[in-house]
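Examining the three-dimensional arrangement
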Amino acid sequence: MRKKVKAISQYLTFAAFGVVIMSSCVSDPDSSGLEYTPDMYRSPAIEPYVDYGEVRGKENKEAKMKQSSMRPPHYTIPYYGTDEHKMAMMLPYNRLASSAANVSHGLYEHEGWRLSSELDAEYNNSAADKNPIALSEANKDAVFARGKKLYTSMCAHCHGEKGDGEGPMVKSGAYAGVPDYKNLTNLADGQVFYSIYYGKGAMGAHAMMIDKEEIWTLVHYVNKFRFDGYGDEDATGSEEEIEEADAEEVSEIEE
Ligand code: HEC
């Protein structure tokens, strides 16, 4: 008798185990079947712009009425892929902000910017910086087309479609002091970059709206206004520089 009970209980345990195992199987090949620990497979979706003040009926005073998305820590570098040329271009900008950036940083806080103690020193030093996007016959149309697109959406309302400083903002009388690019032939490319990045005078900084590749692309585009025939043959630089423009970058920009 005892043996029988033991055998039955063993059988039942085995059967119950089998039922549990089998119950997780379903015929639908797209279904994972019954999940025993769904929280481990799927973490709850975090929505950055949601108020997490109350989650599942539980009040969380600390998070209440606060935007939960965080800015990445300062000096962290986004991942831009493995193209070394692009990586080098995207490294943190090595120039300090001039103290003038304090008044021209625009709408955005510039927390994390290291200010140079001398007003214009870094602006002047930036004249030595070369545009890492070398123009070539192969890429210039794509670079200018991309520059035009950026310029139309980010700059033309002040600087004007023709770069004459007569954008709709200026014409409306709301804004003044926008230069005609034609009068800026003495600026080096690096300074144009610096001014777009950190802002200058009444122009706000653009560092947090467009990335460095986009700014260097704009530098080329602005040069079209500054110098007649910019981008035509010899005006673009030495043969060597042209050869440096690698094919990868061209395809990147054309995308
Ligand atoms: C809100 C209006 C406004 C917008 C938008 C704006 N600018 Fe400017 N920009 C100005 C003003 C004003 C100046 C003159 C600043 C000064 O010299 O004090 C200026 C100056 C410049 C200069 C000359 C900088 C120097 O070092 O003298 C360049 C180059 C330039 N802007 C490019 C751009 C580009 C490219 C964009 C778009 C990404 C842009 N700006 C967007 C108003 C604007």
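Position labels on residues start from 1 in each chain and follow its written sequence. Where totals are concerned, whole chains, interfaces and linings use all residues; where local detail is concerned, this predicted model gives features only for residues with pLDDT of at least 70, and gives and counts side-chain atom pairs only at 80 or more. The side-chain numbers reported here are obtained from all heavy atoms of the structure, hydrogens and water having been left aside.

1. Considering the site of the ligand
Any residue with a heavy atom lying within 4 Å of a molecule or strand is counted as near it. Residues in close proximity to the ligand total 23 residues, the closest being Y123, C155, C158, H159 and M203. The separation between an oxygen atom of the ligand and a polar side-chain atom of S195 is 2.6 Å. Numbering goes from the N terminus for both helices and strands, where a helix is a DSSP run of H or I of at least four residues and a strand is a run of E of at least two. Broken down by secondary-structure element, the contributors of at least two residues to the shell around the ligand are α7 (156-159), α9 (189-198) and α10 (212-226). By the convention adopted, Pro, Cys, Tyr, Trp, Phe, Met, Ile, Leu, Val and Ala count as nonpolar, Lys, Arg, Asp and Glu as charged, and the other residues, Gly among them, as polar. Here the shell around the ligand is built from residues that sort into 16 nonpolar, six polar and one charged. Within 3.5 Å is the distance limit for a polar contact, defined as a pair of N or O atoms, with the added protein rule that one can donate a hydrogen and the other accept it, and that residues adjacent in sequence qualify only through two side-chain atoms.

2. Structural notes on the coordination of the iron atom of the ligand
Atoms of type N, O and S within 2.8 Å of a metal are treated as its donors, and for Na, K and Ca the window is 3.2 Å; water is not considered, so some sites may appear to be missing partners. Distances from the iron atom of the ligand to its protein donors, H159 (NE2) and M203 (SD), fall within 1.9 to 2.0 Å. Any coordination sphere not matching a tetrahedral pattern (four donors, all angles between 85 and 135 degrees) or a square planar or octahedral pattern (four or six donors, opposite donors over 155 degrees apart, other angles between 65 and 115) is reported as irregular. If you look at the iron atom of the ligand, its six donor atoms make angles of 84 to 178° with each other, and the shape they trace is octahedral. Here H159, found in helix α7, pairs with M203, found in the loop between α9 and α10; they are 44 residues apart in sequence, far enough to count as distant. In this scheme, a residue with accessible area under 20% of its type's maximum is buried, one over 50% is exposed, and one in between is partly exposed, where area comes from a 1.4 Å probe on protein chains only. By relative accessible area, M203 is classed as partly exposed at 25%.

3. Considering the pattern of salt bridges
When a carboxyl oxygen of Asp or Glu lies within 4 Å of a side-chain nitrogen of Lys or Arg, that pair is called a salt bridge. Using the criterion set out here, one finds eight salt bridges in the structure. A salt bridge links K140 to E137, with the nearest nitrogen and oxygen atoms 3.3 Å apart. The partner of R226 in a salt bridge is D189, and the shortest N-O contact between them spans 3.5 Å. Here the residue R226 occupies a position in helix α10, and D189 occupies one in helix α9, the gap between them amounting to 37 residues.

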